[in-house]
Amino acid sequence: EKGGYPHFMLKEIFEQPECITNCMRGRVNVNGDNVVLSAVIDYKQYLLNAKRFIIVACGTSWHAALIGKQMIEGFCRIPVEVEYASEFRYRNPVITKDDVVIAISQSGETADTLAAVKLARQHGAFIYGICNAIGSSIPRVTDTGSYIHVGPEIGVASTKAFTGQVTVLTMLALALAKEKETMSYECYRKIVKELHEIPGKMREVLKLNSWIADLSRTFTYARNFLYLGRGYSYPVALEGALKLKEISYIHAEGYPAAEMKHGPIALIDSDMPVVVIATHNGMYEKVLSNIQEVKARKGKVIALVTKGDDTISRIADEVIELPDTIECLEPLLATIPLQMLAYHIAVCKGKNVDQPRNLAKSVTVE
Ligand code: M6R
């Protein structure tokens, strides 16, 4: 049932191109120039009239929410707040009938996310679910939603659900922007077209697997890892760090790259691997200077760069090349090598990758 793979996690990492194709089926048209989400058609009035979106989630799903926030705010000019469901439900938050609450949950059973949804419902908010498990508890209490359709995820470490969630959030932001006319048609077309090409580019990224397996052996000594990224890459840094800690038990922290000099830089020495997402986008120069700061303190830099970057390859210790895409879609590609890095480090250390200690696939108690 692992389809020839040694672990479900690796199988699920490799399924991502197909999962994202399934997630987009019937939603992104075959020409790659239009996005249709049935929830947006059916509940247009609620979604377009919302004064604010609040996204509630936990763990990896919360990281996807941070990416969704940037897209919904950027494309649709709707204010978005991202909340840990566990914090939101207990702090008497302001929720009104003008809010749309988006609940993101792979399992659809996470106790805190479910409780946050019920609380928001009591206050009259419109509830939109983004889930994977069909017919699970959260979709049953929402007003509408979009399934991510990535198939069952067995590995405790969430992989394909994350890219599925980000894909749905991208489609939601695009569909709303089109309705609200907050984005030029040219820009809309360009992003939809690129989204349509993501599964093919994911296949290219997956070819890095055996090389990342080799690279991972070099880093099993580490007791700490730092992950840095900016903008859309900041949640990717958080997600990379979470993957590493949950399956390899190496302490890892994700930070917005510019925050490094406000504290974490003190940790850097020759024993500290620093993973930097340094793709060729608006933040490139600034992230490049962060890499120089890490190198000046003898940190080991593993950089994720856009194919053809010859500046960072001269400075970083290890370079992982990604196909070019537009900035908002980079998380769909950049997350995959970080999943593979965490996976291989954990395997090298002999850890139980699919069922890490102390963790359950869905957290149905608080
Ligand atoms: O099923 P959910 O998406 O609600 O689960 C949320 C978290 O428990 C989950 O993402 C967890 O953080 C994963 N083990 C991370 O890989």
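Residues numbered from 1 in each chain as written. Predicted model: local features only at pLDDT ≥ 70, side-chain atom pairs only at ≥ 80, totals over all residues. Heavy atoms only, no water.

An unreviewed UniProt entry annotates the protein as Glutamine--fructose-6-phosphate aminotransferase [isomerizing] of Xylanibacter muris. Entered under Function (unreviewed entry) in the UniProt record, the comment concerning the protein runs "Catalyzes the first step in hexosamine metabolism, converting fructose-6P into glucosamine-6P using glutamine as a nitrogen source." Quoted verbatim from the Subcellular location (unreviewed entry) field of the UniProt record, the comment on the protein reads "Cytoplasm". (UniProt positions renumbered as here; feature names shortened; annotations may be inferred.)

Draft legend 1. Representation of unusual backbone geometry. Phi at R77 is positive, roughly 60°, even though this residue is not glycine. Within the secondary structure, R77 is located in the loop between α5 (59–76) and β2 (80–84). Look at E181: it is not a glycine, yet its phi comes out positive at around 55°. Secondary-structure assignment places E181 in the loop between α9 (160–180) and α10 (185–206). (Helix = DSSP H or I, 4+ residues; strand = E, 2+ residues; numbered from the N terminus.)

Draft legend 2. Focus on the site of the ligand. With respect to spatial proximity, 14 residues lie near the ligand, and among them S61, S105, Q106, T110 and E246 are the closest. Taking T60, its main chain carries an N or O atom lying 3.1 Å from an oxygen atom of the ligand. One of the side-chain nitrogen or oxygen atoms of S107 is found 2.7 Å away from an oxygen atom of the ligand. Relative to its free-state accessible area of 410 Å², the ligand is covered by the protein chains to the extent of 91%. Because more than half of its atoms lie within 2 Å of the grid, the ligand is assigned to the largest pocket. (Near = heavy atom within 4 Å. Polar contact = N/O pair within 3.5 Å; in protein donor to acceptor, adjacent residues only side chain to side chain. Areas by Shrake-Rupley, 256 points an atom, 1.4 Å probe, with all protein chains shown as cover. 1 Å grid on protein atoms, 1.4 Å probe; cavity = no way out; pocket = protein on both sides within 12 Å on 5 of 7 lines; lining within 4 Å. Sits in = over half its atoms within 2 Å of the grid points.)

Draft legend 3. Quick look at helix α13 (residues 284–296). Helix length check: α13, at 13 residues, gives a terminal C-alpha distance of 18 Å against a target of 18 Å (1.5 Å per residue), a fit within 8%. Along α13, the residues that are buried comprise Y284, V287, L288, N290, I291 and V294. Taken end-on, α13 shows its buried residues confined to a sector of 155°, consistent with a single buried face. Seen from the open side of α13, the exposed residues pointing more than 90 degrees away from its buried face are E285 and A296. Residues of α13 that are buried sit in contact with β8 (273–277), β9 (300–306) and α14 (312–315). (Expected span 1.5 Å × (residues − 1). Buried < 20%, exposed > 50% of the residue type's maximum accessible area, 1.4 Å probe, protein only. Arc of directions from axis to C-beta. Contact = heavy atoms within 4.5 Å.)

Draft legend 4. Examining the nonpolar core more closely. Among the nonpolar cores identified, the biggest contains 97 residues, and F53, F75, I102, F225 and Y227 are the most heavily contacted of them. In terms of residue count, the dominant contributor to this core is α9 (12 residues). (Core = buried A, V, L, I, M, F, W, Y, C linked by side-chain atoms within 4.5 Å.)

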